[in-house]
Amino acid sequence: MDIATLMPVWAAQYRHFAAHECQEDPLYVAVCLALSDSPEMLALMAEAPETQRRPNLLLAALHERLLAGVVHPLAAYFPSRGGKRAPDAELPGLLLDLVRRERASLIQHLRKRSTQTNEIGRCAVLWPALSYVSQQTGCSELALFDFGSSAGLNLAVDRYRYDYGPMGQRGAPEAPDTPRLACRWQGSAALPSAAAWRLVARLGCDLAPVDVLDAEALRWLRACLWPSDQERAQRLELALGLARRHGDLQVQPSSEGLALLEQWLDELPAGVQPVLLNTWVLAYFEADALQAHRARVADLVRGRGLAWLSAEAPSLAPPDCPPPRALPAGNQPGSASLWTLQTAHASGLRTQALAWSHPHGRWVHWLA
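Residues numbered from 1 in each chain as written. Predicted model: local features only at pLDDT ≥ 70, side-chain atom pairs only at ≥ 80, totals over all residues. Heavy atoms only, no water.

Engineer: How should I be thinking about the environment of Ser134 in this particular structure?
Structural biologist: On the secondary structure map, Ser134 appears in helix H7 (residues 123–137). Relative accessible area serves as the criterion here: at 6%, Ser134 is assigned to the buried category. Along the chain, Ser134 and Ser357 lie 223 residues apart, while their C-alpha atoms are 20 Å from each other. Among the polar contacts listed, one links the side chain of Ser134 to the backbone oxygen of Cys139, at a separation of 2.6 Å. (Helix = DSSP H or I, 4+ residues; strand = E, 2+ residues; numbered from the N terminus. Buried < 20%, exposed > 50% of the residue type's maximum accessible area, 1.4 Å probe, protein only. Polar contact = N/O pair within 3.5 Å; in protein donor to acceptor, adjacent residues only side chain to side chain.)

Written out as structure tokens, the structure is:
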């Protein structure tokens, strides 16, 4: 399609993003609406690969320019730059001016970068999911492979502290330098018991891994966060500090992540339960590639005993997953994650819906 045909589609994407994806951030709501009304700014979407033409990529590129120290009045709106100005009628014009001034750098980001939030808040759901896998398989030693893992911070799931309110706390001991993640446990289901499992191996793969010692790469990682969410920014810094101290969160660059997974499976000790994790990754697959990916993973589940944890939009759940119970009233269905688990059984594959959750792990509604 030509740009003129795609322009209304892109405008609709930004309006939908404002209404359903970033509604908790008034600044990004205003920026998205301004972008949706500007053909000049929307035309930048054509610079990104088709699978990356999503609002959050351009939002991150704009945010990165300000985090890089570009002096511009738009920074007054961004709390991540110390700004306190609320969105107003001047914002669209200032946004357009920044786009014009930084056009070359923005285009480079759109062509070369991808969104890499590395949201450790999701570990508040990953922790009970791994406990459930341990209980179901009878294995206390787990190995975690994170597909599309950015800087690999979710591989440190066992090093964070989790607060589920009245349901209690789990994870690492409380410490000033340990990220503490609050997660509202919803519904009547009990929190999976704190089974005595441990991670004996961990590996991530990504098209463009983020090196926790690379200042420019870390600026992009920070730019992928919402600029008004200082809580997320603070826990990211704690997680990065923890990763630097341990130095063992290995993430390998790979365009053939499942081939790397197979090699990794060959090297695991006997008796270890391997777990494949992906969170908000499958949306970037084209239809044929997604079908092939699912088929290869299913083969590994059947033939190698892999457990597949997937946290994606509900529309991207495995096709054989039974319809989950409806999302509880009061939550935002447009951006909720559906967590599914696929394992091998004597009768074949078993796919089940484990949980609904906030995309950043602020709440979880357990289904299993």
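Engineer: Please explain the sheet that holds strand S5 (residues 184–186) as it appears in this structure.
Structural biologist: What links the strands of a sheet is backbone hydrogen bonding, and the strands pair in either a parallel or an antiparallel sense. Overall, mixed pairing links the nine strands, which are arranged S5-S12-S11-S10-S9-S8-S1-S6-S7 in an open sheet. Whereas interior strands pair on both sides, the edge strands pair on one side only; in this sheet they are S5 and strand S7 (251–253). Averaged over all pairs of adjacent strands, the angle between strand axes in this sheet comes to 25 degrees, irrespective of strand direction. Pairing analysis gives seven bridges linking strand S1 (residues 141–147) to strand S6 (residues 198–206), with the strands arranged parallel. Across the sheet, the residue bridging to Phe145 is Leu203, located in S6. The strands touched by H7 within the sheet are S1, S5, strand S8 (273–279), strand S9 (307–312), strand S10 (337–345), strand S11 (348–357) and strand S12 (363–366), with S11 carrying the most contacts at an inclination of about 150 degrees. (Pairing = 2+ DSSP bridges. Axes fitted to C-alpha atoms, helices over the stretch in contact; angles between N-to-C directions. Contact = heavy atoms within 4.5 Å.)

Engineer: Help me out: how do you make sense of the packing of helix H2 (residues 26–36) against helix H5 (residues 91–101) in this one?
Structural biologist: The relative placement of two packed helices comes down to the angle between their axes together with the axis-to-axis distance. Close contact between H2 and H5 brings their axes to 10 Å; oriented N to C, the two are set at 70 degrees. Classed by the angle they form, the pair H2 and H5 counts as roughly perpendicular. Of the residues in H5, those in contact with Leu27, Ala30, Val31, Ala34 and Leu35 of H2 are Leu91, Pro92 and Leu95. The residue inventory of the contact of H2 with H5, partitioned by class, reads eight nonpolar, no polar and no charged. (Parallel < 35°, antiparallel > 145°, perpendicular 65-115°, else oblique. Nonpolar A, V, L, I, M, F, W, Y, C, P; charged D, E, K, R; others polar.)

Engineer: Can you walk me through the packing of helix H4 (residues 55–67) against helix H6 (residues 103–112) in this structure?
Structural biologist: Running from N to C, H4 and H6 point in directions that differ by 135 degrees, and their axes come no closer than 9 Å. Regarding the angle of H4 to H6, the classification is oblique. For the pair H4 and H6, the sense of crossing is right-handed. The segment H4 lies against H6, with Leu57, Leu58, Ala61, Leu62, Glu64 and Arg65 engaging Ser105, Leu106, His109 and Leu110. Its residues placed into classes, the contact of H4 with H6 shows six nonpolar, two polar and two charged. (Left-handed = near helix turned anticlockwise from the far one by under 90°.)

Engineer: I tried to follow the pairing of S9 on my own but got confused; where do I start?
Structural biologist: Remember that side chains alternate between the two faces of the sheet whenever the strand is regular. In terms of burial, S9 is largely enclosed, as six of its six residues are buried. Where the polypeptide runs from S8 across helix H11 (residues 287–304) and back to S9, its parallel neighbour, the crossover connection is right-handed. Of the pairings in the sheet, the one linking S9 to S10 comprises five bridges and is antiparallel in character. Bridging across to S10, Trp308 finds its partner in Gln342. (Right-handed = clockwise from strand over helix to strand, strands pointing away.)

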